[in-house]
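Structural overview
So you can see what is in the structure, the chains are spelled out below.
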2 protein chains.
Amino acid sequence: MNTAVDGACVHTRVTTMKIIDVAQVPVAPNPHHVDARKVYDSEHATAVVITLKPGEALKKHLTPVDVFFYVLEGKGVVEIGSERAEVGRDQVVESPANIPHRWVNESNEGFRVLVVKVPRPREETKIL
Amino acid sequence: MNTAVDGACVHTRVTTMKIIDVAQVPVAPNPHHVDARKVYDSEHATAVVITLKPGEALKKHLTPVDVFFYVLEGKGVVEIGSERAEVGRDQVVESPANIPHRWVNESNEGFRVLVVKVPRPREETKIL
């Protein structure tokens, strides 16, 4: 039972805390053919964890909303528009809406990144 | 120079990719007196990395928007409403708007969590 304080009203509702274990989330079919798992999906945002094995890459694509990336593990090369950078664990990268972007794992180890899209996209991502 | 495709128009703009290294972000003063670093702040969302040393805890507080947590390192106890759970690395926890919540590090190691608030809050968090 949770207590919600909404302005002057205090009301209670029964909930069960929602905990998602990324390792248990099924891989979602995707045009990049990589390990992508949706870990959050609400009215305001979606979040996906993408894992790239050594040599794997996403196809260049356009996301219709702003994206930010949080690197969880390893090193990856991010391309946004005509720019390119190698980033690693605990680095955050911003990718504005409608700019072509992709990730490439040029390393010899696994690479994992959390992709947060805000707000929740109403249109499909376009593969280029 | 980035190429943005906006409907039928293709236009170019000069940008520099924004990359944030969490370790270099200054700690923001906060009522919890813990290591909290804002790593993303846009019209649609804000994201903060919180580090709790062994024995440290947040004060119970209400966030006026939905929050999701991505555990980056270690183990933490999350309390949402009257529920409580221990969660660890690569687990995601959802915390709906206006439900009292907090994190406690009851372990002997460091704990780090990414806090994503969607949409960007227009009101202050309330400490209880």
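In short, a report on the structure. Keep in mind that this is a model prediction, so the values were computed, not measured.

A word on the sheet that holds strand 7 (residues 66-73) of chain A. With antiparallel pairing, six strands are arranged side by side in an open sheet as 4(A)-5(A)-12(A)-7(A)-10(A)-3(B). The open sheet has two edge strands with one neighbour each: strand 4 (35-41) of chain A together with strand 3 (18-21) of chain B. The sheet shows a mean angle of 20° between the axes of neighbouring strands, taken without regard to direction. Bridge analysis of strand 7 of chain A against strand 12 (residues 111-118) of chain A gives seven bridges, and the strand direction is antiparallel. Its bridge partner lying in strand 12 of chain A, A:Glu73 is registered against A:Arg112.

For the rest of this paragraph, the subject is the sheet that holds strand 7 (residues 66-73) of chain B. Pairing between the strands of a sheet comes from backbone hydrogen bonds, and it takes one of two forms, parallel or antiparallel. The antiparallel open sheet is built from six strands, whose spatial order is 3(A)-10(B)-7(B)-12(B)-5(B)-4(B). Each edge of the open sheet carries a strand with a single partner, namely strand 3 (18-21) of chain A together with strand 4 (35-41) of chain B. Each neighbouring strand pair of the sheet contributes to a mean axis angle of 20°, computed without reference to strand direction.

This part is about the interface of chain A and chain B. In this assembly, 50 residues from chain A lie in contact with 50 residues from chain B. The contact between chain A and chain B buries some 4400 Å² in all, and 58% of this surface belongs to carbon and sulfur atoms. The three residues of chain A that bury the most area against chain B are A:Met17, A:Tyr40 and A:Glu94, which together make up 16% of that side's buried surface. Put simply, chain A and chain B have four salt bridges between them. Put simply, B:Glu94 and A:Lys18 hold a salt bridge, and the shortest N to O gap is 3.6 Å. Joining chain A to chain B, the criterion identifies 11 residue pairs in polar contact (both at pLDDT 80 or more). It is strand 7 of chain A that contributes the most residues to the side of chain A that touches chain B, five residues altogether. Each residue belonging to the side of chain A that touches chain B can be placed in one class, and the counts come to 29 nonpolar, 10 polar and 11 charged.

Definitions and cut-offs
- Residues numbered from 1 in each chain as written.
- Chains lettered and ligands numbered in written order.
- Predicted model: local features only at pLDDT ≥ 70, side-chain atom pairs only at ≥ 80, totals over all residues.
- Heavy atoms only, no water.
- Pairing = 2+ DSSP bridges.
- Helix = DSSP H or I, 4+ residues; strand = E, 2+ residues; numbered from the N terminus.
- Axes fitted to C-alpha atoms, helices over the stretch in contact; angles between N-to-C directions.
- Contact = heavy atoms within 4.5 Å.
- Buried area = accessible area lost by both parts, 1.4 Å probe.
- Salt bridge = Lys/Arg side-chain N within 4 Å of Asp/Glu carboxyl O.
- Polar contact = N/O pair within 3.5 Å; in protein donor to acceptor, adjacent residues only side chain to side chain.
- Nonpolar A, V, L, I, M, F, W, Y, C, P; charged D, E, K, R; others polar.

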